[in-house]
Amino acid sequence: MARLSNELVEMPHRSTVAEERAISVHALCKRFRVADGAITALENVTLDVRPGEFVAIVGPSGCGKSTLLKILTGLLAPSTGEIRIGDVAVEGPRRDIGTVFQSPLLFAWRTVLENVMLPADVQKLDRAQHTARALSLLELVGLSDFAQRYPNELSGGMQQRVSIARALLHDPSILLMDEPFGALDAMTRERMNLELQRIWLEQNKSILFITHSIPEAVFLANRVVVMTPRPGRVAEVMEIALPSGRGLEIMNSPEFGAYVSRIRAHFGSSGVID
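Since the model is a prediction, treat every value here as computed from it, not as a measurement.

Chemist: I'd like a rundown of the nonpolar core, residues and numbers included.
Modeler: One broad trend across soluble globular proteins is that nonpolar side chains are buried collectively. Formed by 55 residues in total, the largest nonpolar core has its most connected members in Val218, Val224 and Ile263. Beyond its immediate stretch of four places on either side in the chain, Val224 contacts Ala56, Val58, Ala217, Val218, Glu236, Val237, Met238, Ile240 and Ile263. One finds Val25, Leu28, Cys63 and Ile71 within the second-largest nonpolar core, a separate group that totals 25 residues.

Chemist: I'd like a rundown of the sheet that holds strand S4 (residues 80-85), residues and numbers included.
Modeler: Hydrogen bonds along the backbone pair up the strands of a sheet, which may run parallel or antiparallel. Here four strands make up an open sheet; going across it, the order is S2-S1-S4-S5 and the pairing antiparallel. Each edge of the open sheet carries a strand with a single partner, namely strand S2 (37-49) and strand S5 (88-89). As defined by bridge partners, S4 adjoins S5 across two bridges and the pair is classed as antiparallel. Counterpart to Arg84 in the pairing with S5 is Ala89. Of the strands in this sheet, strand S1 (23-34), S2 and S4 are in contact with helix H1 (residues 65-73), which crosses S1 at around 115°.

Chemist: Break down the sheet that holds strand S3 (residues 54-58) for me, with residues and values.
Modeler: The strand order S6-S7-S8-S3-S9-S10 describes an open sheet built from six strands, whose pairing is mixed. This sheet does not close on itself; its edge strands, each paired only once, are strand S6 (98-100) and strand S10 (234-239). On average, each strand axis in the sheet is inclined to that of its neighbour by 15°, with strand direction left out of account. Bridge count for strand S9 (residues 223-227) against S10 is five bridges, and the pairing is antiparallel. The partner of Val225 across the bridge, within S10, is Val237. In the packing of helix H5 (residues 156-168) onto the sheet, the strands contacted are S6 and strand S7 (174-178), and the crossing angle to S6 comes to about 165°. Strands in contact with helix H6 (residues 186-203) are S3, S7 and strand S8 (206-211); relative to S8, the strand with the most contacts, it is inclined by about 160°.

Chemist: With reference to specific residues and values, describe the packing of aromatic side chains.
Modeler: Counting across every chain of the model gives four aromatic pairs. Between Phe54 and Trp200, the aromatic rings sit 5.6 Å apart at their centres with planes inclined by 85°, giving edge-to-face as the arrangement. Of the two residues, Phe54 sits in strand S3 while Trp200 sits in helix H6, which places them 146 residues apart along the sequence. Of the two residues, Phe54 and Trp200, neither departs from the other in class, the shared state being buried. Ring centres of Phe54 and Phe209 lie 5.7 Å apart, and the angle between their planes is 45°; on these two criteria the pair is classed as tilted. Here Phe54, found in strand S3, pairs with Phe209, found in strand S8; they are 155 residues apart in sequence, far enough to count as distant. By way of ring pairs, the aromatic residues Phe54, Phe181, Trp200 and Phe209 are connected into one cluster.

Chemist: Please give an account of the pattern of salt bridges that cites residues and values.
Modeler: Per the counting criterion, the structure on display carries 16 salt bridges. The salt bridge involving Arg233 is made with Glu43; its shortest N-O contact spans 2.4 Å. Here Glu43 lies in strand S2 and Arg233 lies in the loop between S9 and S10, a separation of 190 residues in the sequence. For Arg50, the salt bridge is made with Glu53, and the minimal N-O distance between the two is 3.3 Å. Members of the salt-bridge network, linked through shared partners, are Arg21, Asp48, Arg50, Glu53, Arg223 and Glu239.

Chemist: Break down the side chain of Glu53 for me, citing the residues and quoting the values.
Modeler: Mapping Glu53 onto the fold places it in the loop between S2 and S3. Residue classification places Glu53 among the buried residues on the basis of a relative accessible area of 4%. Polar side-chain contacts of Glu53 include one of 2.9 Å to the backbone nitrogen of Arg50. When sequence neighbours within four positions are dropped, the list of residues in contact with Glu53 reads Asp48, Trp200, Lys205, Ser206, Ile207, Asn222 and Arg223.

Chemist: Could you give an account of the layout of surface pockets, with specific residues and numbers?
Modeler: Taken as a whole, the largest pocket holds about 530 Å³ of empty space. What lines the largest pocket is a set of 17 residues, among which Ile97, Thr99, Pro119, Gln123 and His170 lie closest to the centre. Those elements that place two or more of their residues in the lining of the largest pocket are S6, helix H3 (118-123) and H5. When residues in the lining of the largest pocket are grouped by element, the largest group, four residues, is from H3. For the lining of the largest pocket, the per-class residue count stands at nine nonpolar, five polar and three charged.

Procedures and definitions
Residues numbered from 1 in each chain as written. Predicted model: local features only at pLDDT ≥ 70, side-chain atom pairs only at ≥ 80, totals over all residues. Heavy atoms only, no water. Core = buried A, V, L, I, M, F, W, Y, C linked by side-chain atoms within 4.5 Å. Buried < 20%, exposed > 50% of the residue type's maximum accessible area, 1.4 Å probe, protein only. Contact = heavy atoms within 4.5 Å. Pairing = 2+ DSSP bridges. Helix = DSSP H or I, 4+ residues; strand = E, 2+ residues; numbered from the N terminus. Axes fitted to C-alpha atoms, helices over the stretch in contact; angles between N-to-C directions. Phe/Tyr/Trp six-rings, centres within 6.5 Å; stacked < 30°, edge-to-face > 60°. Salt bridge = Lys/Arg side-chain N within 4 Å of Asp/Glu carboxyl O. Polar contact = N/O pair within 3.5 Å; in protein donor to acceptor, adjacent residues only side chain to side chain. 1 Å grid on protein atoms, 1.4 Å probe; cavity = no way out; pocket = protein on both sides within 12 Å on 5 of 7 lines; lining within 4 Å. Points joined across faces, edges and corners; volume = space filled by probe spheres on them. Nonpolar A, V, L, I, M, F, W, Y, C, P; charged D, E, K, R; others polar.

Printed below as a string of structure tokens:
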């Protein structure tokens, strides 16, 4: 893809005003009833995402990362605690955010363009306006020549780029991503990390990104939230003070390695989440 580059580029200014929050989670708890009692998935979780910020969440399987994302989308209700998108409390399913899952979830009978247009069809948005935007987004993700192709004609990485374009169609200020590159091979995953960083820089979205990969979290994020094993709590929120516009070569730097080691230390010597 011609758009991909390892060159450093300047990140846009990110707001650091303390009271500004794109996402705010305060004292969140989530418990599920089971046959012999209850399971606590999340306990006393407090975190935030500032406008235009990229925050990654890492933690072992079962620590409640995906549960947190479902609560933010309004698909699950919290047991206790407060969740806000901007100044509005989350009280049910929302259409003003974009969500990308590990599987692209594309409809096999719809073309690439028609898959990107799905939010417009569901929300009954102006079709002409959003068709133009969909074509622009396909250009953004390097798939202009594939608008009339079908999902089975695309590679896994290309399908995931379609899902990212679809999530951006209605121009949400917030993008929630649940292990979107977990099923990709290592080389494609690195290319997708570069692609996502470029899209973030160009679109200025607030991104909350869930991953099992510690290096991926450090490479992409302004801050990394480290979760404990279940019940999921916030063990540490780490500022990533690496140069802006990161290229893959930064993964070989001592500074990058120090962040990875610091996060991995939360999980002992097993490296269970990498």
